[in-house]
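Examination of the molecular architecture
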Amino acid sequence: MFFFRYTGNSAKAKEKKRVIMDIFEYMRNKDMEKESPLAARMRPRTLDEVVGQEHIIGKDKLLYRAISADKISSVIFYGPPGTGKTTLAKVIANSTSAEFTQINATVAGKKDMEEVVAKAKDLQGMYGKRTILFIDEIHRFNKGQQDYLLPFVEDGTIILIGATTENPYFEVNGALISRSILFELKPIPKEAIKELLVKAVYDKERGMGSYGAVVDEDALDFLADISGGDARQALNAIELGVMTTDRAEDEKIHITLKVAQECIQKKAVRYDKNGDNHYDTISAFIKSMRGSDPDAAVYYLARMLYAGESVTFIARRIMICASEDVGNADPNALVVATNASLAVERVGMPEAQIILAQAVTYVACAPKSNSSNNAIADAMKEVAMSGNLPIPAHLQDAHYKGAEKLGHGVGYKYAHDYPNHYVEQQYLPYELNGKEFYQPSGNGYEVKIREHMARIRKEARKD
């Protein structure tokens, strides 16, 4: 062990101390590289090492050209976990001549940003050097923190690279977005994940090649598929397999399908109840029911249940769809949906999933009509335009004192006194005479409704 002793505050002593601290920092970083998780060690260092995301970093794409030419402007990377947002930021760090600084929005505060901005101003003023600030999980910054960055992004003091798993149009200051180029990263394709896993197992420099492991093709297929485009999850699983599997008689560590399955006991479904995936999944769920696809509808139901979505929330969406999209084409759809809502609250999970599945498949297979929905929408528009039009006097309440003298209720025809329990009289305000709001469709039970209404109106006119 070495001991260093400093006396005095001379410039020479300070310089020695700085050099020694730099050596310690260098050794610490080297140790971290060796001990860091496989996913961190396998992180691409250059654009050519990046797998997937060809739609934004193909050689003919804007981002590739900007990074290669060291002409990057403020950008925001948006996409699911494990798709390469931080990786691209690191590639930029390795490719740029600018000062590169990284902070994480979960732990950084305004003081950290103030220090970055002050240093950026010094570098720009003294050396004409640009500063790139990478903010991981930028959506975690509040509005005030994001507002603080705005003038420095605008005047070029810093070049911002933000990374977020949330829709930036909801979570990031609109002014920052307008001054940045937005790139959406997609889940990494299965074949690219497999390529990355093979490299991780056999690469002796940064991977686990020194362990003497071999991985079966079906294990690769399983891990690439179950990871759902998340490279970090796949690499963590393969690392766990190599580190915990005993050597076989041939002194090799065999990563079989069984080992791979044990490394991922349950797929972590990407589903944040306050995030984009929540809204995307419920949207697909409703559109599948509306589109009469019971298979897709029950699949999205399963995804929500698997991720722990509230059964009461799901039940409410089914009830809405039963009325909005099925309506009177099958009036029983709302009955089924409402009873399912009551039942799941009393039964609870896991049996509630059976009840929800029954309601979902019923609504999905039911004949569809949005005539009732259109009727109320048109009526609401009419009320907004024409206001409170006078109600015909014969429909007004005749039971209170003096109502008859005012003509209220006078001339009203009681429908049950007439054939088919129907009589023609003015029900709408006179200004809307002849206006039709509800027009039954030609689907399901609404065919009978339309035929019934046409018949009783025709017979009433004969009389």
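Rules used in this analysis
Residues numbered from 1 in each chain as written. Predicted model: local features only at pLDDT ≥ 70, side-chain atom pairs only at ≥ 80, totals over all residues. Heavy atoms only, no water. Helix = DSSP H or I, 4+ residues; strand = E, 2+ residues; numbered from the N terminus. Buried < 20%, exposed > 50% of the residue type's maximum accessible area, 1.4 Å probe, protein only. Contact = heavy atoms within 4.5 Å. Areas by Shrake-Rupley, 256 points an atom, 1.4 Å probe, with all protein chains shown as cover. Core = buried A, V, L, I, M, F, W, Y, C linked by side-chain atoms within 4.5 Å. Patch = residues over 30% accessible without salt bridge, like charges linked within 9 Å, V, L, I, M, F, W, Y side chains within 5 Å. Salt bridge = Lys/Arg side-chain N within 4 Å of Asp/Glu carboxyl O. Pairing = 2+ DSSP bridges. Axes fitted to C-alpha atoms, helices over the stretch in contact; angles between N-to-C directions. pLDDT = per-residue confidence, 0-100. Phe/Tyr/Trp six-rings, centres within 6.5 Å; stacked < 30°, edge-to-face > 60°. Parallel < 35°, antiparallel > 145°, perpendicular 65-115°, else oblique. Left-handed = near helix turned anticlockwise from the far one by under 90°. Nonpolar A, V, L, I, M, F, W, Y, C, P; charged D, E, K, R; others polar. Right-handed = clockwise from strand over helix to strand, strands pointing away. Expected span 1.5 Å × (residues − 1).

1. Here's the deal with the overall build of the protein chain
- The secondary structure content of the protein chain amounts to 20 helices and seven strands.
- Per-residue burial over the protein chain gives 40% buried out of 463 residues.
- For the protein chain, the proportion of contacts with a sequence separation of at least 24, taken over those separated by at least 6, is 72%.
- A total accessible area of about 26800 Å² is found for the protein chain, and carbon and sulfur atoms account for 53% of it.

2. Details of the side chain of Thr 245
- Inspection of the secondary structure assignment puts Thr 245 in the loop between helix H12 (231-244) and strand E7 (253-255).
- Once you skip the residues sitting within four places of it in the chain, Thr 245 turns out to touch Ile 253, His 254, Ile 255 and Val 259.

3. Things to note about the nonpolar core
- Grouped together as the largest cluster of nonpolar side chains are 31 residues, with contacts concentrated most on Leu 197, Leu 235, Ile 238 and Ile 255.
- Counting residues per element, the ones that place at least two in this core are helix H2 (38-41), helix H10 (190-202), strand E6 (213-215), helix H11 (217-226), H12, E7 and helix H13 (257-263).
- Discounting residues that sit within four places of it in the chain, Ile 255 has contacts with Val 214, Val 215, Asp 216, Ala 219, Ile 238, Gly 241, Val 242 and Thr 245.
- In this structure, Ile 286, Leu 301, Cys 321 and Ala 322 belong to the second largest nonpolar core, which totals 28 residues.

4. A short note on a nonpolar patch on the surface
- A cluster of nonpolar side chains, namely Tyr 412, Tyr 414 and Tyr 427, defines an oily patch on the protein surface of about 340 Å² accessible area.
- Looking at Tyr 427, the relative accessible area reads 42%, which means it is partly exposed.

5. Considering the sheet that holds strand E2 (residues 99-104)
- Here we have five strands laid out as an open sheet, ordered E2-E3-E4-E1-E5, and parallel in their pairing. Every other strand in the sheet has two partners, leaving E2 and strand E5 (181-184) as the edge strands with one partner each. Across the sheet, the mean angle from the axis of one strand to that of its neighbour is 15 degrees, orientation sign disregarded.
- Relative to E2, helix H6 (residues 110-127) is tilted by about 175 degrees, and along the sheet it contacts E2 and strand E3 (131-136).

6. Overview of the pattern of salt bridges
- Applying the stated criterion across every chain, the model contains 15 salt bridges.
- Across the salt bridge formed by Glu 205 and Arg 45, the nearest N and O atoms sit 3.8 Å from each other. Of this pair, Glu 205 sits in the loop between H10 and E6 while Arg 45 sits in the loop between H2 and helix H3 (54-57), and the two are 160 residues apart along the sequence.
- Classification of Glu 205 as exposed rests on a relative accessible area of 64%.
- Its relative accessible area of 35% is what places Arg 45 among the partly exposed residues.
- Among the salt bridges present, the one from Glu 184 reaches Lys 186, with a minimum N-O distance of 3.7 Å.

7. Section: the confidence of the model for the protein chain
- Scored by pLDDT, the protein chain comes out at a mean of 84, with 88% of its residues at no less than 70.
- When mean pLDDT is compared element by element in the protein chain, helix H18 (residues 352-365) scores highest at 95, while helix H1 (residues 11-35) scores lowest at 53.

8. Remarks on the packing of aromatic side chains
- With the rule as written, the count across this model stands at four aromatic pairs.
- Measuring from centroid to centroid gives 6.2 Å for Phe 77 and Phe 183, while their planes differ by 40 degrees, and the two rings are tilted. A residue pair is termed long-range when its members are at least 10 positions apart, and Phe 77 in strand E1 (residues 75-78) and Phe 183 in strand E5 qualify at 106 residues.
- For Phe 183, a relative accessible area of 9% translates into the label buried.

9. Points about the packing of helix H16 (residues 311-326) against H18
- Two elements in contact, H16 and H18, have axes whose closest approach is 10 Å; the angle formed by their N-to-C orientations is 15 degrees. It follows from the interaxial angle that H16 and H18 lie roughly parallel. The interaxial crossing formed by H16 with H18 has left-handed handedness. Between H16, through Val 311, Ile 314, Ala 315, Ile 318, Cys 321, Ala 322 and Val 326, and H18, the contact on the second element is made entirely by Ala 352, Leu 356, Ala 359, Val 360 and Val 363.
- Among the residues forming the contact of H16 with H18, the class breakdown is twelve nonpolar, no polar and no charged.

10. Here's the deal with the pairing of E2
- Bridging between E2 and E3 involves six bridges; their strand directions are parallel. In the sheet register, Glu 99 faces E3, and the bridge partner there is Thr 131.
- Where the polypeptide runs from E2 across H6 and back to E3, its parallel neighbour, the crossover connection is right-handed.

11. Let's talk about H11
- Residues of H11 that are buried: Ala 219, Leu 220, Leu 223, Ala 224 and Ile 226.
- Here the buried face of H11 lies against H10, E6, H12, E7 and H13.
- Immediately beyond the C-terminal end of H11, within one or two residues, lies Gly 228, with a positive phi of roughly 60 degrees.

12. A word on H10
- If you check H10, its first and last C-alpha atoms are 19 Å apart, about what 13 residues at 1.5 Å a residue would give, namely 18 Å.
- Those residues of H10 not exposed but buried are Ala 192, Ile 193, Lys 194, Leu 196, Leu 197, Ala 200 and Val 201.
- Residues of H10 that are buried make contact with H2, E6, H11 and H12.

13. Some remarks on unusual backbone geometry
- Although it is not a glycine, Gln 53 sits at a positive phi angle of roughly 60 degrees.
- For Gln 53, the location among the structural elements is in the loop between H2 and H3.
- Here Gln 53 falls in the buried class, since its relative accessible area comes to 4%.
- A positive phi angle, close to 55 degrees, is found at His 421, a residue other than glycine.
- In this fold, His 421 is placed in the loop between helix H19 (371-386) and helix H20 (446-462).

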